[in-house]
Amino acid sequence: MGNEESTMVDDKAAPSVLEARSVEGVAKYIKEHNVKKVVLMVGAGISTSAGIPDFRSPDTGIYANLAALDLPYPEAVFEIGFFRENPKPFYALAHELYPGRYRPTIAHSLIKLIYDKGMLLKHFTQNIDCLERQAGVPGNKIVEAHGSFATQRCIDCREPFPDDEMHKMVSESEVPHCVKCNGLVKPDIVFFGEALPSDFFENRHLLEEADLCIVMGTSLCVQPFASLPQGIRPGVPRVLINMERVGGLGSRKDDVLVLGDCDAGVRKFAEAMGWAEELEAVWEETNPDPKARAEEDAPPLTRDERLQEEVDRLTEEIDRSLALTDAYQNKVRDKLEIHEGEEEAHRQSGSGLAHVFPHLARKPSH
Ligand code: CNA
């Protein structure tokens, strides 16, 4: 874990460049120092409120729920050796995580807003869900340190596998095989022991240029990503928005800890920046359902309007049951008329065959 700094100072020590070790202190710093080179480092915790479980949260995390997949130990699902033997658990998980099934969270929209403000230097993500792209952050601003589901290839001959075929296989939880050599196909996400994409190493130097660092939703347990916050120059504020304290953050004088739910921390930060409304608007753009969007936008009903709605609903219900009663009465009346008509025909024909040829009996009686 990246905690080599944990012995330096405690998280209550007086700040050096910030006025206060709080989101308000950071907001003031951003405005007064014209901060323009923000680096973000994030993990699965920014996507949990979208409905994608993280790895390590007790009870709700993927590791806590992998028993059903029959794994020898949770990490095996991302080990290439185990994948070769049994790719099914990975594809069950891929089915869950596959992009396109989830809406970005407000934390993803904060990254987009920071970009819109011209303040985003680089966004480093460990996530493989592509939600920052979906939130509108351009690909050239994102380093997907653990790869993504965007492309895939054969683990033996490296032949790329078509996107549409992959989409179909994953949505059916099927295991895809190479069209050339029948080897196993794997998305280009980084498994344990595999090298990170070159993009990660080529952009690491940017940490030294950063004038603010925001770390969100990560346990900072996986190296080398976990060491990124240490690459930020001393004297540059680092903000941790996370459920728990991780990776030695809080150990520098200008570290700010915003512990608790990520979305709440993000909204608190936006509020301090005076961006609250703008952030909600940017997030709203990610809402796929325009009807839900219109309903959310509508002002809440007054007490009288709610009462009127209830009266209308009840009136409609009563009308409907009265109509049903009418229909029932008509049906009974029709039946009675037919029955009387049959008896009359029977009387007139005297044939006694009306029960066999009822259409003969149904002649109107003059
Ligand atoms: P992790 O180790 O599961 O840690 C998640 C962290 O986020 C923990 O510290 C949690 O306490 C915290 N957290 C969870 N939910 C919230 C919340 N709502 N608010 C605030 N904090 C929260 O995940 P990491 O990303 O640190 O681990 C790296 C792995 C996880 C990478 O290799 C990813 O590929 C992998 N992963 C990605 C996804 C995804 O793409 N969405 C999902 C699950 C795992």
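Whatever comes next refers back to the structure up there.
Residues numbered from 1 in each chain as written. Predicted model: local features only at pLDDT ≥ 70, side-chain atom pairs only at ≥ 80, totals over all residues. Heavy atoms only, no water.

Peer 1: How should the packing of aromatic side chains be read in this particular structure?
Peer 2: Enumeration according to the criterion identifies eleven aromatic pairs in this entry. Both rings, one in Phe 90 and one in Tyr 91, keep their centres 5.1 Å apart while their planes meet at 85°; by these two values the pair is edge-to-face. Note on Phe 124 and Phe 200: the rings are 6.3 Å apart at their centroids and 85° apart in plane angle, and the pair reads as edge-to-face. Placement of Phe 124 in strand β2 (residues 120–125) and of Phe 200 in helix α7 (residues 198–203) is noted, with a sequence separation of 76 residues between them. (Phe/Tyr/Trp six-rings, centres within 6.5 Å; stacked < 30°, edge-to-face > 60°. Helix = DSSP H or I, 4+ residues; strand = E, 2+ residues; numbered from the N terminus.)

Peer 1: Whenever I open this one, helix α4 (residues 106–116) confuses me. Can you help?
Peer 2: The α-helix advances 3.6 residues per turn, and as a result positions three or four apart in sequence lie on the same side. The buried count for α4 comes to nine of eleven residues, which makes it a mostly enclosed element. Within the sequence span of α4, burial applies to Ile 106, Ala 107, His 108, Ser 109, Leu 110, Ile 111, Lys 112, Leu 113 and Ile 114. Of the surrounding secondary structure, the elements contacted by the buried residues of α4 are β1 (38–42), β2, α5 (131–134), β6 (212–216), α8 (262–273) and α9 (276–284). Of the residues one or two after α4, Gly 118 is the one with positive phi, at around 75°. (Buried < 20%, exposed > 50% of the residue type's maximum accessible area, 1.4 Å probe, protein only. Contact = heavy atoms within 4.5 Å.)

Peer 1: Explain the packing of helix α1 (residues 23–32) against α8 here, please?
Peer 2: Helix packing for two helices is described by the angle between their axes and how far apart those axes are. Where α1 contacts α8, the two axes come as close as 9 Å, and the packing angle between them is 45°. With respect to their mutual orientation, α1 and α8 come out oblique. Classified by chirality, the crossing of α8 by α1 is right-handed. Seen from α1, the contacting residues are Val 23, Glu 24, Val 26, Ala 27, Ile 30 and Lys 31; seen from α8, they are Lys 268, Phe 269, Ala 272 and Met 273. Broken down by class, the residue content of the contact of α1 with α8 amounts to seven nonpolar, no polar and three charged. (Axes fitted to C-alpha atoms, helices over the stretch in contact; angles between N-to-C directions. Parallel < 35°, antiparallel > 145°, perpendicular 65-115°, else oblique. Left-handed = near helix turned anticlockwise from the far one by under 90°. Nonpolar A, V, L, I, M, F, W, Y, C, P; charged D, E, K, R; others polar.)

Peer 1: I keep staring at the pairing of strand β7 (residues 238–242) and nothing clicks. Help me out?
Peer 2: The side chains of a regular strand alternate between the sheet's two faces. β7 sits mainly inside the fold: five of its five residues count as buried. Neither face of β7 is exposed, since Arg 238, Leu 240 and Asn 242 on one face and Val 239 and Ile 241 on the opposite face are all buried. Across five bridges, β7 lies against strand β8 (residues 255–259) in parallel orientation. Across the sheet, residue Leu 240 finds its bridge partner in β8, namely Leu 257. (Pairing = 2+ DSSP bridges.)

Peer 1: For this particular structure, what's the right way to read the nonpolar core?
Peer 2: Nonpolar side chains in soluble globular proteins tend to end up buried together. Within the largest apolar cluster, 36 residues are counted, with the highest numbers of intra-cluster contacts made by Ile 114, Ile 214, Met 216, Phe 269 and Trp 275. The set of elements that each furnish at least two residues to this core consists of α1, β1, α4, β6, β7, β8, α8 and α9. Those residues in contact with Trp 275, other than ones at most four positions away along the chain, are Leu 110, Leu 113, Ile 114, Lys 117, Met 119, Phe 269 and Ala 270. Formed by 29 residues, the second largest nonpolar core is a distinct cluster that contains Leu 97, Phe 149, Val 170 and Ile 189. (Core = buried A, V, L, I, M, F, W, Y, C linked by side-chain atoms within 4.5 Å.)

Peer 1: In this structure, what is going on with the site of the ligand? I would like to understand it.
Peer 2: Surrounding the ligand, one finds 28 residues, the nearest of these being Arg 56, Asp 129, His 146, Ser 219 and Glu 244. Contact distances for the ligand include 2.8 Å between an oxygen atom and a backbone N or O atom of Ala 44. Separating a nitrogen atom of the ligand from a side-chain N or O atom of Asp 261 is a distance of 3.2 Å. (Near = heavy atom within 4 Å. Polar contact = N/O pair within 3.5 Å; in protein donor to acceptor, adjacent residues only side chain to side chain.)

Peer 1: Mind showing me how you'd approach the pattern of salt bridges here?
Peer 2: Where side chains of opposite charge bring their charged atoms close, a pairing between them can arise. By the definition in use, this model includes twelve salt bridges. With a closest N to O distance of 3.0 Å, Lys 112 and Asp 116 form a salt bridge. Placement of both Lys 112 and Asp 116 in helix α4 is noted, with a separation of four residues, approximately one turn of the helix. Judged by relative accessible area, which is 13%, Lys 112 ranks as buried. The shortest N-O distance in the salt bridge between Arg 267 and Glu 280 comes to 2.7 Å. Of the two residues, Arg 267 sits in helix α8 while Glu 280 sits in helix α9, which places them 13 residues apart along the sequence. In this structure Glu 280 comes out as partly exposed when scored by relative accessible area, which is 30%. Put simply, Glu 19, Lys 28 and Glu 32 are held in one network by salt bridges that share partners. (Salt bridge = Lys/Arg side-chain N within 4 Å of Asp/Glu carboxyl O.)

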